[in-house]
Amino acid sequence: MENTTVLISGASVGGPALAYWLTRHGFDVTVVEISDGPRPGGQAIDVRGPALEVANRMGVLDEIRAARVAMRGMSMVDADGKELFRSEERTITGGDLDSPDVEILRDDLSQILSGAAGDSVEYLYGDSIAGLEQGADGVRVYFASGVQRDFDLVVGADGLHSNTRRLVFGPEDRFITHLGTYLGVWTAPNLLGLDEWQVFHQVPGSSWGGGVMSVRDNREVRVYLGFEAAEPIAYDYRDTAAQQRLLAERLEGGGWELPRLLETMRDAPDFHFDAMAQVHMDSWSSGRVVLLGDAGYCGSPLSGQGTSMAMVGAYVLAGELKEARGDHEAAFTAYERELRGYVTANQELALTNKARVEAQQAADSGDADEVIDFQDFGEIVNSLVLKSY
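This one's a predicted model, so the numbers in the text were calculated from it and none came from an experiment. (Residues numbered from 1 in each chain as written. Predicted model: local features only at pLDDT ≥ 70, side-chain atom pairs only at ≥ 80, totals over all residues. Heavy atoms only, no water.)

> So what's going on with the overall build of the chain? Which residues, and what values?
What the chain contains, in helices and strands, is 11 helices and 20 strands. Taking 389 residues into account, the globule formula puts the C-alpha radius of gyration at 21 Å, and the chain, at 21 Å, falls close to it. Taken along its principal axes, the extent of the C-alpha atoms in the chain is 65 × 40 × 40 Å. Considering the chain as a whole, with its 389 residues, one finds that 55% of them fall into the buried category. For the chain, the exposed surface amounts to about 17,000 Å²; the carbon and sulfur share of it is 46%. Charge separation in the chain, taken as the distance between the mean sites of 32 positive and 61 negative side-chain charges, equals 3 Å. (Helix = DSSP H or I, 4+ residues; strand = E, 2+ residues; numbered from the N terminus. Rg over C-alpha atoms; globule rule 2.2 N^0.38 Å. Buried < 20%, exposed > 50% of the residue type's maximum accessible area, 1.4 Å probe, protein only. Areas by Shrake-Rupley, 256 points an atom, 1.4 Å probe, with all protein chains shown as cover. Lys, Arg positive; Asp, Glu negative; His and termini not counted. Charge placed at Lys NZ, Arg CZ, Asp CG, Glu CD.)

Written out as structure tokens, the structure reads:
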């Protein structure tokens, strides 16, 4: 086996999943995470299709199911809070309630995946990669803390705004496609008294607005508020106060509970705000550096498949490195060959979901003049058959 020391940047979902599989296959893994510890918060995310089988092979599927978000249904309300319709069969965030898919809070899933690898993984919290120098025999990594270390391989699992991608491949505007929407997510008290329920409000004339879903035995809610913007907005994605001002300005004057929900974001311990966007790259690797999940092929929350793609990507990347006995060039090529079609199809789901909402708006207003034959969600989600490594 060659190239056995691996640095992973990012400790959310893809990073811990990859750490598990790499250590199982005999690699020595270090994870660097810019946050001071495991990052709290994040939206409810979905583990679907082959990602369920990845979890099963990790031995954590039962634990993930036990931690799933409990939902009885959802309501859609108007600006006055009047219920327009309700469903006890499906929800906006998780889809069909009788589906085998698992909806779980991002921080809960991250904790489960991190715990699966045990103590064999080294975590460097509160640090990040400041520079990389690739050589014939490895990668010299310069950390923001001032430390320098050498690794055989580096994996960027650090999200939409991947620092690893920027350092190796160039500015993010070369790779990011804006999808016309911004979304804020945070934790708040259960001020609506929801009982395993979610309520959403769509701003008139828009495909966005906001909603809340009760979590953690109804003790709290996760808030989702968003707005449309045809062109990307320039802002500092690490300046939380500026992001909160932007969200409040864009939703000013909104009906329902939007003003009260906006007030709760000021004290939220886990406020997160970002664009609905995708990442498209001709190659996910360069030399000894490879990208995983959102860093290399973000589908956006509109696809509903970011988490599953990251977990499946971690399984395949680690498996191909094992098969190639650490030959990174062969492994990275096989990783991309195995996943490229699946990723492309799942990224298309985001555009399909967006078009479906727009078609529904047109139908409601009487402007629709044709029936659109949309992709079959389940067929695409389950289209990849996992190899055994």
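> Tell me what's going on with the packing of helix H1 (residues 14–24) against helix H9 (residues 306–323), and back it up with residues and numbers.
The N-to-C vectors of H1 and H9 enclose an angle of 30°; their axes lie 8 Å apart at closest approach. By the angle between their directions, the pair H1 and H9 is classed as roughly parallel. The chirality of how H1 crosses H9 is right-handed. Where H1 abuts H9, its residues Gly-14, Ala-17, Leu-18, Trp-21 and Leu-22 lie against Ala-310, Ala-314, Tyr-315, Leu-317, Ala-318 and Leu-321. (Axes fitted to C-alpha atoms, helices over the stretch in contact; angles between N-to-C directions. Parallel < 35°, antiparallel > 145°, perpendicular 65-115°, else oblique. Left-handed = near helix turned anticlockwise from the far one by under 90°. Contact = heavy atoms within 4.5 Å.)

> Just give me the short version of the pairing of strand S4 (residues 73–77), but keep the residues and values in it.
Of all five residues making up S4, five are buried, and the element is well covered by its neighbours. Pairing between S4 and strand S15 (residues 197–202): five bridges, direction parallel. Across the sheet, residue Ser-75 finds its bridge partner in S15, namely Val-199. Bridge analysis of S4 against strand S5 (residues 83–87) gives four bridges, and the strand direction is antiparallel. If you follow Met-74 over to S5, its bridge partner there is Ser-87. Hairpin remark: S4 followed by S5, antiparallel, with five residues in the connecting loop; positive phi at Gly-81, about 85°. (Pairing = 2+ DSSP bridges.)

> Please provide a residue-by-residue account of the packing of aromatic side chains, values included.
A full pass over the atoms with the stated rule returns 13 aromatic pairs. Geometrically, the ring pair formed by Phe-200 and Tyr-224 is tilted, given 6.1 Å between the ring centres and 45° between the ring planes. With Phe-200 in strand S15 and Tyr-224 in strand S17 (residues 220–228), the pair connects residues that are 24 residues apart, well separated along the chain. This pair shows no difference in class: Phe-200 is buried, exactly as Tyr-224 is. Seen in terms of ring centroids, Trp-284 and Tyr-297 are 4.4 Å apart; in terms of plane orientation they differ by 40°. Their pairing is tilted. Linking Trp-284 in the loop between strand S18 (272–279) and strand S19 (285–286) with Tyr-297 in helix H8 (residues 294–297), this pair joins segments that are 13 residues apart in sequence. (Phe/Tyr/Trp six-rings, centres within 6.5 Å; stacked < 30°, edge-to-face > 60°.)

> Give me the side chain of Gln-243: which residues, what numbers.
Looking at the secondary structure, you find Gln-243 in helix H6 (residues 240–250). Given the relative accessible area of 3%, Gln-243 is considered buried. Among the polar contacts listed, one links the side chain of Gln-243 to the backbone oxygen of Asp-236, at a separation of 3.1 Å. Once residues within four sequence positions are removed from consideration, Gln-243 is found in contact with Tyr-235, Asp-236, Tyr-237, Arg-238, Phe-271 and Phe-273. (Polar contact = N/O pair within 3.5 Å; in protein donor to acceptor, adjacent residues only side chain to side chain.)

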